[in-house]
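# Topology and contacts: notes
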Amino acid sequence: MKIASWNVNSLSVRLEQVIDWLNQSQVDVLCLQELKMETHKFPEEAFKAIGYHAVWSGQKTYNGVAILSRTPLANVQINNPLYDDEQQRLIAADVGTGEQLVRVIGVYCPNGSSLDSDKFIYKMAWFDALNQYVREQLQQYPALVLTGDFNIAPEDRDVHAKYSGDVLISPAERKQFQGLLALGMKDSFRLFEQAEKSFSWWDYRQFGFKRNAGLRIDHLLLSDALANKCTASVIDKAPRANERPSDHTPVIVELAM
DNA sequence: ATGGCGGTGGGGCACCGA
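Fair warning: this is a prediction, and the values are worked out from it, not measured in the lab.

Not every one of the 24 residues close to DNA strand B is listed here, only the nearest: S10, N111, N151, L168 and R205. Taking the atoms of DNA strand B that fall within 4 Å of the protein, sugar and phosphate contribute 72% of them. A distance of 3.2 Å separates a phosphate oxygen of DNA strand B from a polar atom in the side chain of Y108. Between a base nitrogen of DNA strand B and a side-chain N or O atom of N111, the distance comes to 2.7 Å.

Okay, the UniProt feature "site: Transition state stabilizer" (unreviewed entry) in chain A next. Per the UniProt record, the feature "site: Transition state stabilizer" (unreviewed entry) sits at N151. Within the element layout of this structure, N151 appears in the loop between β8 (144-149) and α4 (171-182). Look at N151 and you get buried, because its relative accessible area is 5%. Not counting chain neighbours up to four residues away, the residues in contact with N151 comprise Y108, C109, P110, N111, K123, L168, E173 and I217.

Here the focus is the environment of V27. Within the secondary structure layout, V27 lies in the loop between α1 (11-25) and β2 (29-33). Take V27: its relative accessible area is 0%, and that puts it in the buried class. Sequence-wise, V27 and P171 are 144 residues apart; in three dimensions their C-alpha atoms are separated by 34 Å.

Now for the sheet that holds strand β6 (residues 90-95). Across the sheet, six strands lie side by side as β5-β6-β7-β8-β12-β9; this open sheet has mixed pairing. With one partner strand each, in any of the chains shown, β5 (73-78) and β9 (186-187) form the two edges of the open sheet. Two strands pair when backbone bridges link them, and β6 and strand β7 (residues 102-108) are joined in this way by six bridges, in the antiparallel orientation. Bridged to D94 within β7 is R103. Lying over the sheet, helix α3 (residues 118-140) contacts β5, β6, β7 and β8, oriented at roughly 175° with respect to β7. Here α4 sits on the sheet in contact with β8, β9 and β12 (218-222), set at roughly 25° to β12.

Attention shifts here to the side chain of S188. Checked against the element boundaries, S188 lands in the loop between β9 and β10 (201-202). The contacts of S188, once residues within four sequence positions are left out, are L220, L222, C230, S233 and V253.

Conventions adopted
Residues numbered from 1 in each chain as written. Chains lettered and ligands numbered in written order. Predicted model: local features only at pLDDT ≥ 70, side-chain atom pairs only at ≥ 80, totals over all residues. Heavy atoms only, no water. Near = heavy atom within 4 Å. Polar contact = N/O pair within 3.5 Å; in protein donor to acceptor, adjacent residues only side chain to side chain. UniProt positions renumbered as here; feature names shortened; annotations may be inferred. Helix = DSSP H or I, 4+ residues; strand = E, 2+ residues; numbered from the N terminus. Buried < 20%, exposed > 50% of the residue type's maximum accessible area, 1.4 Å probe, protein only. Contact = heavy atoms within 4.5 Å. Pairing = 2+ DSSP bridges. Axes fitted to C-alpha atoms, helices over the stretch in contact; angles between N-to-C directions.

Right, here's the structure in full:
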């Protein structure tokens, strides 16, 4: 079973790329972020045509999340029930049944803007509530995936040397990431040996991708039960070389199930 | 230091992202 996540930075612009990538990668589940599209405009038929069910929640211009799956999705949760939020940043659903049941939580975590901003306060509160939700979900679902754009680079090795920002790498944000791991979640990428300077996002400006001036901020976190079944966790850089690429590229886990 | 680039809405250019 392959599960992936991709911040597409506008699904309208990237739909063809997503379809192509699904056909090529053959993942079973794909979480999407930054649809930047109203709910009623979601291209459900385009995904159905290539064999994917979908659940989603959109909004105009900003945010918006979806889960695509080859098998039907059940028990859909839109937004964190523990956090009143107008911004559409979280969607969860069951994939599979019985022994194969996996709970998938797809997230587009707030950016935070700068450490002294109201948006940073929102980011911290949002993560506090996410931690609480994941804690609850783990009690209900031993097989849990938390994936998406976390907007946190967990360690220095997840940050290119010239990065000059403070947000995405601050101790407060990294503490939030560690807080999720403290619940028992594992950063699947670090279960395996990886190339140095592996990133999932590159700045559009200054030839960021060409210079590999990136950050690893898109993650696949697995509960213990799934970490034990994880056989690979990779970043697929290929779509970043497309014409009009998203600034993020997909991340994928393989589970022996 | 600032802005670089790209998407959106709306029909300029400001806002936002990371």
